[in-house]
Amino acid sequence: MSITSATASELLAKMSSGEISSEEITLACLEEINRRDAGINAFLSVQQEAALEKAREVDQKRKSGKPLGKLAGIPVALKDNMCAEGVATTCASKMLENYIPPYDAHVVEQLKAADAILIGKTNQDEFAMGSSTENSAFKTTTNPWNTSHAAGGSSGGSAAAVAAGFSPLALGSDTGGSIRQPASFCSVVGLKPTYGRVSRYGLIAFASSLDQIGPFARDVRDAALILETIAGKDHRDTTSLDADVPEFTSNLEQPLQNLKVGYIEHLHEEGLHEDVKAATLQALDVYKSLGAELVPVTLPHAKYCVATYYIIAPSEASSNLARYDGVHYGYRSQSFKDKDMIDMYAASRGEAFGDEVKRRIMLGTYALSSGYYDAYYLKALKVRRLIRNDFEQAFQNVDIIASPVTPTPAFKIGELVDDPLAMYLADIFTTSANLSGIPGISIPAGMSKNNLPIGLQLLAPPLEEERLLRAARMFERETDWHLKRPQ
Ligand code: GLN
């Protein structure tokens, strides 16, 4: 297996046996980026010099026999909504085009402490709003399996970077599916942890009751490994949970006994692509052949997920994005009425936010405004509670729930961008995990007839990432979808 298609765990083993150095690995990734990223557009910036310098430092550290971190010498790509000290962090927005954070996000501190190499910042939808990276102010990421198709979003750059051989690992954020959906489109593993499992200190906020950071990897073991590194309590994010972080890698190979896999009987019928349906049914068969019991579950309120999400997420976004006023942060217009502060705000926001961000701010402001608050926002919060209750009920009878990640394989670039509602509706399978705070994973589980990847989503109760990863690994051991690489 070549350096650029190997997993982080394979590369770590090769480094510890002295077969290869971090410098060689980093160089191979950088060469691949330089050679091919012009056609993929996974990266907004590549930290070439800094990455090589850090790689040499880690190689030295290894030679000197000093203790090494868990990801020593492994390149990691970061979605461009996570702050890294001294490195442009744009959120793919003109608003933050020139923003250079003076501090590291918690996850970046953790990666640095683990001796990982930050290789670059990846493309995304502006402020993480979207499903295709077409809302990036700078470029659209293409799918490494077929460049006329979307890589997904909003963390499309991170997913494409891992799939295309640019970086063995990446981080993304998932507010309504933005890790799992691009993972599914690009045939990599993508994990959204439990809400609060990973600190969001230094993550640029989209919708604070939903946002969560998580990994992209080439297999389940690597996802477990990086999750171990970034998870845990951090007092700077008050929502971060004070819960033990198990060594997710240690029990990974032990199959779960008497596993009960829930599946949603009727959610699948309308609008589900036949290849996605077939792959999901085949995946259920794999579990059955492993001795798992398949149990139908009913989630009566799941059909309201998209509506609920698209009230709550824009409402929170409208509040979070109020800070971009041209004064404290970011872009300031050069053309506004002299001494008119309101005009300055309006001009700055009008010029620097893209259409989708504006649409969300308007939707959210409307849903929160007096007279509509009860009918929309408050109602959505109540439905959210019901969705959560559905999962609590379901998990009394099953250990995990399996479903598609997306109703279709990767759509074409340009196909949905002018139809926001159609784009929103495709979030039907992913938003429930964010609304209920539970962990979810997307794993490679098939290919469509025209050779586009199909993922399988597994969901588990809060803080049961270990169960989720072990269940995912059981599937992975039986299948070879995760071993396929785009040409
Ligand atoms: N597609 C969803 C949206 O547009 C998800 C975004 C996300 O998870 N960041 O809001």
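What comes next is a walk through the structure. Everything numeric in this text was worked out from a predicted model, so none of it was measured.

**Brief notes about the overall build of the chain**
- Looking only at helices and strands, the chain features 15 helices and 13 strands.
- For the chain, whose C-alpha radius of gyration is 21 Å, the value lies close to the compact-globule estimate of 23 Å for 487 residues.
- Seen along its three principal axes, the alpha-carbon backbone of the chain occupies a region of about 65 × 55 × 45 Å.
- Partitioning the contacts of the chain with sequence separation of at least 6, the portion at a separation of at least 24 is 76%.
- Total accessible area on the chain is roughly 18,800 Å²; 50% of this is exposed by carbon and sulfur atoms.

**Focus on helix α3 (residues 48–64)**
- Given a rise of 1.5 Å per residue, 17 residues ought to cover 24 Å, and the 25 Å separating the end C-alpha atoms of α3 matches this to within 8%.
- Within the sequence span of α3, burial applies to Ala 51, Leu 52, Ala 55, Val 58 and Asp 59. Looking down the long axis of α3, one finds its buried residues gathered within 120° of arc, a one-sided arrangement. Across α3 from its buried face, at more than 90 degrees, point the exposed residues Glu 49 and Glu 53.
- Elements that come into contact with the buried residues of α3 comprise α2 (22–40) and β3 (117–122).
- Positive phi appears at Gly 65, one or two residues downstream of α3, with a value of about 80°.

**Things to note about the sheet that holds strand β6 (residues 169–173)**
- Pairing is mixed across the open sheet formed by 11 strands, whose spatial order is β1-β3-β2-β6-β8-β7-β12-β13-β11-β9-β10. Since the sheet does not close on itself, it has two edges, and those belong to β1 (43–46) and β10 (293–297), each with one partner. The mean angle between the axes of side-by-side strands here comes to 30°, regardless of whether they run parallel or antiparallel.
- Sheet analysis places strand β11 (residues 400–404) next to strand β13 (residues 453–459), joined by 4 bridges and oriented antiparallel. Each residue of the ladder has a partner; that of Ile 401, found in β13, is Leu 459.

How each quantity is defined
- Each residue is numbered by its place in its chain's sequence as written, counting from 1.
- Totals for whole chains, interfaces and linings use every residue, but because this is a predicted model, local features are given only for residues with pLDDT of at least 70 and side-chain atom pairs only at 80 or more, for both listing and counting.
- Calculated side-chain values reflect all of the structure's heavy atoms, with hydrogen atoms and water omitted.
- Going along the chain from the N terminus, every DSSP run of H or I of four or more residues is numbered as a helix, and every run of E of two or more is numbered as a strand.
- Computation of the radius of gyration draws on C-alpha atoms, with the globule rule given as 2.2 Å multiplied by the number of residues to the power 0.38.
- Only heavy atoms matter for contacts: two residues are in contact if any of them lie within 4.5 Å across the pair.
- Each accessible area value is a Shrake-Rupley result obtained with a 1.4 Å probe; residue values ignore everything except the protein chains displayed when judging cover.
- Helix span is expected to be 1.5 Å times the residue number reduced by one.
- For every residue, the accessible area obtained with a 1.4 Å probe (protein chains only) is divided by the maximum for its type, and the residue is called buried under 20%, exposed over 50%, and partly exposed between those limits.
- Picture the helix axis, draw a direction to every C-beta atom, and the arc is the one those directions span.
- A pair of strands is labelled paired if DSSP reports no fewer than 2 bridges between them.
- The convention used is that axes are lines fitted to C-alpha atoms, helices contributing only their stretch in contact, and that angles between N-to-C directions extend from 0 to 180 degrees.

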